[in-house]
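Below, each chain spelled out in residue letters.
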Amino acid sequence: DLSKYFPSYVGLRIHHAMVISIYSICIFGGYGGAEGLFCALLNEISNPLLHMKVVIKNLGLRYTELYERVEKGYFFLYTYGRFLVGPPFLVMVAMTTGIPLFLKISGILIPGGLMLQSFYYISKMLKISSRRKKEALERKEKGISYFWLEKNPKVEELTYFEKSSNKIANVIDLSQKFSYTQMPRL
């Protein structure tokens, strides 16, 4: 069971079950296609930056200006789509007339659950942003800056670099315990 090693694994299963449910309700209920499409756009608008962030990190460029900018862009788009625009849109769907009650309830409960999940991740993003500000202050105090496309060797002198490198070593140890063929099928 991967959920003990990857706590967000269970959350991802719940998230995708809810998303599939709301799309199914739109398709089979015959209502809310335009609204569902708009919600998909809002929810997925940040995905390219999320994937860029992971790729950049896997290329060993975590301590670069490129990574920092992509992360900030991801946080902004995620917050914009799921916090600033999402809740008012959910209220608009609730106020719409001509939709059967079952679909209206489903159209509020499922996206509402997704929004609660989004609020949780936004709170994590705020904590990460706070940590990034402290890291930037430390870099400024020590006169160390990030390069755009390569790691500045002086970054290893920073206190937070050591903490992060230990996390990377733990992930490498964990990846050696599991091979791709041992991963459970969904």
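Describing the packing of helix α3 (residues 47-58) against helix α4 (residues 65-84)
No. 1: Two elements in contact, α3 and α4, have axes whose closest approach is 9 Å; the angle formed by their N-to-C orientations is 155°. Looking at the two axes, α3 sits roughly antiparallel to α4. As for how α3 packs across α4, the hand of that crossing is left-handed. Of the residues in α4, those in contact with L49, L50, M52, K53, I56 and K57 of α3 are L66, Y67, V70, E71, G73, Y74, F75 and L77.

Overview of the layout of surface pockets
No. 1: In this structure, the second largest pocket occupies an estimated 160 Å³ of space.
No. 2: Together, E68, E71, K72, F75, F76, I128, S129, R132 and K133 line the second largest pocket.
No. 3: Elements with a minimum of two residues in the lining of the second largest pocket: α4 and α6 (101-142).
No. 4: Per element, the largest residue contribution to the lining of the second largest pocket is 5 residues, and it comes from α4.
No. 5: Residue composition of the lining of the second largest pocket, grouped by class: 3 nonpolar, 1 polar and 5 charged.

Concerning the confidence of the model for the chain
No. 1: For the chain, per-residue confidence averages 78 on the pLDDT scale, and 77% of positions sit at 70 or higher.
No. 2: The element-level mean pLDDT for the chain is lowest in helix α7 (residues 159-177), coming to 56, with α4 highest at 92.

Notes on a nonpolar patch on the surface
No. 1: Residues F76, Y80, F83, L84, L116 and F119 make up a contiguous nonpolar surface patch of about 620 Å² in total accessible area.
No. 2: Looking at the nonpolar patch, the elements with two or more residues in it are α4 and α6.
No. 3: Looking at the nonpolar patch, the element that brings in the most residues is α4, giving 4 residues.
No. 4: Mapped onto the secondary structure, L116 falls in helix α6.

Conventions used here
Residues numbered from 1 in each chain as written. Predicted model: local features only at pLDDT ≥ 70, side-chain atom pairs only at ≥ 80, totals over all residues. Heavy atoms only, no water. Axes fitted to C-alpha atoms, helices over the stretch in contact; angles between N-to-C directions. Helix = DSSP H or I, 4+ residues; strand = E, 2+ residues; numbered from the N terminus. Parallel < 35°, antiparallel > 145°, perpendicular 65-115°, else oblique. Left-handed = near helix turned anticlockwise from the far one by under 90°. Contact = heavy atoms within 4.5 Å. 1 Å grid on protein atoms, 1.4 Å probe; cavity = no way out; pocket = protein on both sides within 12 Å on 5 of 7 lines; lining within 4 Å. Points joined across faces, edges and corners; volume = space filled by probe spheres on them. Nonpolar A, V, L, I, M, F, W, Y, C, P; charged D, E, K, R; others polar. pLDDT = per-residue confidence, 0-100. Patch = residues over 30% accessible without salt bridge, like charges linked within 9 Å, V, L, I, M, F, W, Y side chains within 5 Å. Areas by Shrake-Rupley, 256 points an atom, 1.4 Å probe, with all protein chains shown as cover. Salt bridge = Lys/Arg side-chain N within 4 Å of Asp/Glu carboxyl O.

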